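Architecture at a glance
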Amino acid sequence: MASFLRFRKLCYVEPAVKCSSVRFESFDQSPKIDQKLDKIKEENNVISANNFALEINNNNSKRKLPIKKQQSKEWGCFHSCCWIIGLLCTTWWLLLFLYHCLQVTLVQVPELPGAKLQREGVTALHPVVLVPGVVTGGLELWEGRPCADGLFRKRLWGGSFTEIFKRPLCWLEHLSMHNKTGLDPPGIRVRAVTGLVAADYFAPGYFVWAVLIKNLAKIGYEEKNLHMAAYDWRLSFQNTEIRDHAFSRLKSKIELMYKTNGCKKVVVVPHSMGVIYFLHFLKWVETPPPMGGSGDPGWCAKHIKAIMNIGPAFLGVPKAVSSIFSAEGKDIAYIRAMAPGLLNSDILGLQTLEHILRMSRTWDSLVSLLPKGGETIWGSMDWSPEEGHACDFSKKRHSQPSLSDDNVNNSDVKRIFRMKDPVKYGRIISFGKSASVLPSSQLPTVDSKEFLRTSASRNRNFSCGESWTEYDEMSRESIKKIAADKAYTTTTLFDLLRFVAPKMMQRAEAHFSHGIADNLDDPKYSHFKYWSNPLEMKLPNAPDMEIYCAYGVGIPTERSYIYKLSPSSRCKSIPYQIDSSAHGGHNSCLKGGVYFSDGDESVPVLSAGFMCAKGWRGRTRFNPSGIATYIREYRHKPPASLLEGRGFKSGAHVDIMGNVAMIEDILRVAAGATGKEIGGDRIYSDILRMAERINLQL
């Protein structure tokens, strides 16, 4: 404090003296300071006699330096420092006050479900296995190129992502897979982080599984009865077993947890792509070697109580289409519209999307997320199961009943989703707005043979040098020809993708299938490429098992796209982009070149809920043992303030992991409750009506 007062004295006495020249000294050294002041006075002649007076004691007593208070005419560094420090302190204390005092009276932050159930006497019973989805699991380096020195066992994906900024090209190289095998490139080994930390947080402060893990711990869970089944989400599902023995390790872990927890069956909680990853495991574990895990036919019935699928991408997501086709979605299209120079500038030459496309097309797992079921599920040129949807999501968010009405049935909810002009959602990619709305009879037809002829005439532009993506191997004529006011359904879409990304599709389609099985008893469906498609595989014979479809609703979710040719014709560029200038009218489903439907922002309701609503409901050819299925929908309610947090009542694809209602459902099932005991179906969307409109042989 003494030093601070002396510092203040000096700054007010002499504004011309810069803060950087002032040194902090204590009051017990005041004679020395006075001598320095005298020296400054004599040398610079800047201190006026009117400012202060000197009194000298004849008995050689201590000199005093009375100072007349003077208003500083300059805004010195001292004032700036004090002002900034004061502002920061005031803001910090204000936030603390609001958080600790006002949240109880104004925000009403819900009580943690784990604490609530603990007070009710609910305790851990069944072991729990968590299965993360695409991109949310951490990846770390085990072997790399010289540019990655010092990164051994450091996270390249997840965490702080600092390496992106330090060495971006090196980072891209190490996260890419081999373009022919889909496995590790020579000299590079990147592996999944293990343990609960693998996917508790995606980045500092951005939770994924952390909130659920915390609530599970409240009722008695720890690592002896809680496991994170981390895997390398870039690989095809079967390749995670071939390279890392991921399925074998998961099988052994479930068996161990079953034995060490009193022979209690396991509750599995997959999220997003982890849902179809675990679906693949269900088939693998009961299949004889060498393709399968050599478990007994009753392995699933013995070891698994329930599968609680969060944000399930059972039938794929349209976002995967735009990611593979042009490395963009609604967010990238919006950024491109607002600041085109950031992504497209020839001057900056960042080519961000080109690098992302080059890397992501080596990830076979993305193909598993392409829409499954063809036109039967997703619609044709003139029909789709969502016909009749309205897109006034702002009204939907605020007009529906509150979350306290836990078991409101679909028939009790006012049907907000209605519109005069039906959207042709079946046209998942349209080149030009007119191609998305005109009758199919007025559009040029898309023939698979045309792609074969065009493919034969592919003409690489050698003047561009090294080929980055398959687009560099296409002639400008071919690029224009496949656009030309055409529209593509999920059937013709695969022909389009095989043409623009032939290496990726040839490699990945050996591991995944996207059709509908005519006869599930056909021996060909014993191949692993069908195991992650619920329309081409049978559920295990486990009549006592339960399957839940738990997902958010009430958020505009990407369903189909309007594209245009990119204005840039430079080398190593993406020739197509979402037409962000395409908009509909008031309350239209079309905004910024994207048609929206109901969902959780990533997965449409159609993909998340159809199998539980119809495909597996009762005894069907896809569910021969009649496993019970339940739909648990959570209506999205955005945070009322920053203090409320991301996920308390959120239905968003990742934020739902903090939804208190969903967490309570999971905890109750893990503690032994059945689907009927937690309330059965809870439906707010039009999923039942959509399911009725789909003509699928069951």
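Residues numbered from 1 in each chain as written. Predicted model: local features only at pLDDT ≥ 70, side-chain atom pairs only at ≥ 80, totals over all residues. Heavy atoms only, no water.

**Focus: unusual backbone geometry**
Short version of the rule: Each helix is a run of DSSP H or I of at least 4 residues and each strand a run of E of at least 2, with the numbering of both proceeding from the N terminus.
A cis amide bond links Pro289 to the next residue, Pro290, at an omega of 5 degrees. By secondary structure assignment, the location of Pro290 is in the loop between helix H10 (273-285) and helix H11 (299-303). We note that His245 has phi near 55 degrees; this positive angle belongs to a residue other than glycine. Relative to the helices and strands, His245 resides in the loop between helix H8 (237-244) and helix H9 (246-260). Although it is not a glycine, Cys263 sits at a positive phi angle of roughly 55 degrees.

**A closer look at the sheet that holds strand E12 (residues 546-553)**
Rules: In this scheme, strands are said to pair when DSSP sees at least two bridges between them. Lines fitted to C-alpha atoms define the axes, with helix axes restricted to the stretch in contact, and inter-axis angles between N-to-C directions lie between 0 and 180 degrees. The contact criterion used is simple: two residues touch if any of their non-hydrogen atoms lie within 4.5 Å.
Read across the sheet, six strands follow the order E7-E1-E8-E9-E12-E17 without closing on themselves; strand pairing throughout is parallel. With one partner strand each, in any of the chains shown, strand E7 (226-228) and strand E17 (628-635) form the two edges of the open sheet. Each strand axis lies, on average, 15 degrees off the axis of its neighbour in the sheet, ignoring direction. In this structure, strand E1 (residues 128-131) lies alongside strand E8 (residues 266-270), joined through four bridges in parallel fashion. When the sheet's bridge partners are listed, Leu130 is paired in E8 with Val269. Taken strand by strand, H10 contacts E1, E8 and strand E9 (304-310), and its axis lies near 150 degrees from that of E9.

**Description of helix H24 (residues 660-670)**
Filter applied, for reference: Here's how the labels work: a residue is buried when its accessible area is under 20% of the maximum for its type, exposed when over 50%, partly exposed in between, all with a 1.4 Å probe on protein chains only. Under the rule applied, a polar contact is a pair of N or O atoms within 3.5 Å (in protein, one hydrogen donor and one hydrogen acceptor; residues adjacent in sequence only if both atoms are side-chain atoms).
The element H24 is largely enclosed, with a buried count of nine among its eleven residues. Taken together, the buried positions of H24 are Val660, Met662, Ile663, Glu664, Asp665, Ile666, Leu667, Val669 and Ala670. Regarding H24, its N-cap is Asn659, as a side-chain oxygen of that residue lies 2.9 Å from the backbone nitrogen of Ala661 further along.

**Examining the nonpolar core**
For soluble globular proteins, nonpolar side chains are generally found buried alongside one another. Let me state the cut-off plainly: What we call a nonpolar core is a set of buried Ala, Val, Leu, Ile, Met, Phe, Trp, Tyr and Cys residues that are connected through their side-chain atoms within 4.5 Å.
Counting residues in hydrophobic clusters, the biggest one holds 125 residues, and the most contacted among them are Phe325, Ile429, Val500 and Tyr576. It is H10 that provides the largest number of residues to this core, a total of ten residues. Dropping the residues within four chain positions of it, Phe325 is found in contact with Arg361, Ile429, Phe431, Tyr471, Leu496, Leu497, Val500, Tyr563, Ile574 and Tyr576. One finds Leu117, Leu130, Ala550 and Val669 within the second-largest nonpolar core, a separate group that totals 40 residues.

**Re the pairing of E9**
Among the seven residues that make up E9, seven are buried, leaving the element largely enclosed by the rest of the structure. Pairing analysis gives five bridges linking E9 to E12, with the strands arranged parallel. Bridge pairing in E12 links Met308 to Tyr548.

**Here's the deal with the pattern of salt bridges**
Any two side chains of opposite charge can pair, given that their charged atoms come close. Spelled out, the test is: By definition, a salt bridge exists where a carboxyl oxygen of Asp or Glu is found within 4 Å of a side-chain nitrogen of Lys or Arg.
For the structure shown, the criterion picks out 30 salt bridges. Residues Arg191 and Asp184 are paired through a salt bridge, measuring 2.8 Å at the closest nitrogen-oxygen approach. In this structure Arg191 comes out as buried when scored by relative accessible area, which is 18%. One salt bridge connects Arg617 with Asp681, and the closest N-O pair in it is separated by 3.1 Å. Separated by 64 residues along the polypeptide, Arg617 in the loop between helix H23 (605-615) and E17 and Asp681 in the loop between H24 and helix H25 (687-693) bring together distant segments of the chain. Residue classification places Arg617 among the partly exposed residues on the basis of a relative accessible area of 34%. Owing to a relative accessible area of 26%, Asp681 belongs among the partly exposed residues under this scheme.

**Notes on the confidence of the model for the protein chain**
Reading predicted coordinates in detail is not appropriate for stretches of low pLDDT. Just so we agree on the cut-off: As a per-residue quantity, pLDDT reports the predictor's confidence and falls between 0 and 100.
Here the protein chain shows a mean pLDDT of 83. Residues at 70 or above account for 75%. Low pLDDT, under 50, characterises residues 1-33; the predicted model gives this stretch 34 contacts beyond four residues in sequence or across chains. Between residues 395-420, whose pLDDT stays under 50, and residues either more than four places distant or in other chains, the model counts 56 contacts.

**Notes on the side chain of Thr240**
With respect to the helices, strands and loops of the structure, Thr240 is situated in helix H8. With relative accessibility at 0%, the residue Thr240 sits in the buried group. Every residue in contact with Thr240, bar those within four places of it in the chain, is listed here: Tyr231, Asp232, Leu235, His245, Ala246, Phe247 and Tyr277.

**Observations regarding the state of the cysteines**
Going by this rule: Two cysteine sulfur atoms make up a disulfide if the distance between them is within 2.5 Å.
One pass over the structure, following the stated rule, counts two disulfides. Paired by a disulfide, Cys147 and Cys170 hold their sulfur atoms 2.1 Å apart. One disulfide, between Cys147 and Cys170, carries an S-S torsion of 80 degrees and so falls in the right-handed class. Here Cys147 is found in the loop between strand E2 (139-143) and strand E3 (155-157), whereas its partner Cys170 is found in helix H6 (residues 168-175), with 23 residues between them in sequence. Judged by relative accessible area, Cys170 falls into the buried class, the value being 8%. A sulfur-sulfur distance of 2.0 Å marks the disulfide that ties Cys549 to Cys612. Measuring the twist about the S-S bond at about 75 degrees, one finds the Cys549-Cys612 disulfide to be right-handed. A residue pair is termed long-range when its members are at least 10 positions apart, and Cys549 in strand E12 and Cys612 in helix H23 qualify at 63 residues.

**Quick notes on the sheet that holds E3**
Taken in spatial order, the three strands make up an open sheet running E3-E2-E4, and their pairing is antiparallel. Of all the strands in the sheet, just E3 and strand E4 (189-192) have a single pairing partner and so form its edges. On average, adjacent strands in this sheet sit at an angle of 45 degrees to one another, irrespective of strand direction. Where E2 lies against E3, two bridges are found, and the strand directions are antiparallel. Note that in E3 the partner of Leu139 across the bridge is Trp157. Against the sheet, H6 makes contact with E2, E3 and E4, and its axis sits at roughly 80 degrees relative to E3, the strand it touches most.

**Thoughts on the packing of aromatic side chains**
This is how the line gets drawn: Pairing of aromatic side chains here covers Phe, Tyr and the six-membered ring of Trp, requires ring centres within 6.5 Å, and sorts the geometry by plane angle: under 30 degrees stacked, over 60 edge-to-face, intermediate tilted.
Taken as a whole and assessed by the stated rule, the structure comprises 29 aromatic pairs. With 5.6 Å between their ring centres and 85 degrees between their planes, Trp142 and Phe152 make a pair best called edge-to-face. Pair noted here: Trp142 is in strand E2 and Phe152 is in the loop between E2 and E3, with a separation of ten residues, a long-range link. Phe152 sits in the exposed class, given a relative accessible area of 52%.

**Regarding H9**
The cut-off we apply is this: A helix's residues, less one, multiplied by 1.5 Å, set its expected span. This arc describes the spread of directions from the helix axis toward the C-beta atoms.
Spanning 15 residues, H9 covers 21 Å between terminal C-alpha atoms, matching the ideal 21 Å at 1.5 Å per step. If you check which residues of H9 are buried, you get Ala246, Phe247, Leu250, Lys251, Ile254, Met257 and Tyr258. Seen along its axis, H9 keeps its buried residues to an arc of 135 degrees; they face one direction. Opposite the buried face of H9, at more than 90 degrees from it, the exposed residues are Lys259 and Thr260. Along its buried surface, H9 packs onto E1, E7, H8, E8, H10 and H11. Immediately beyond the C-terminal end of H9, within one or two residues, lies Gly262, with a positive phi of roughly 70 degrees.

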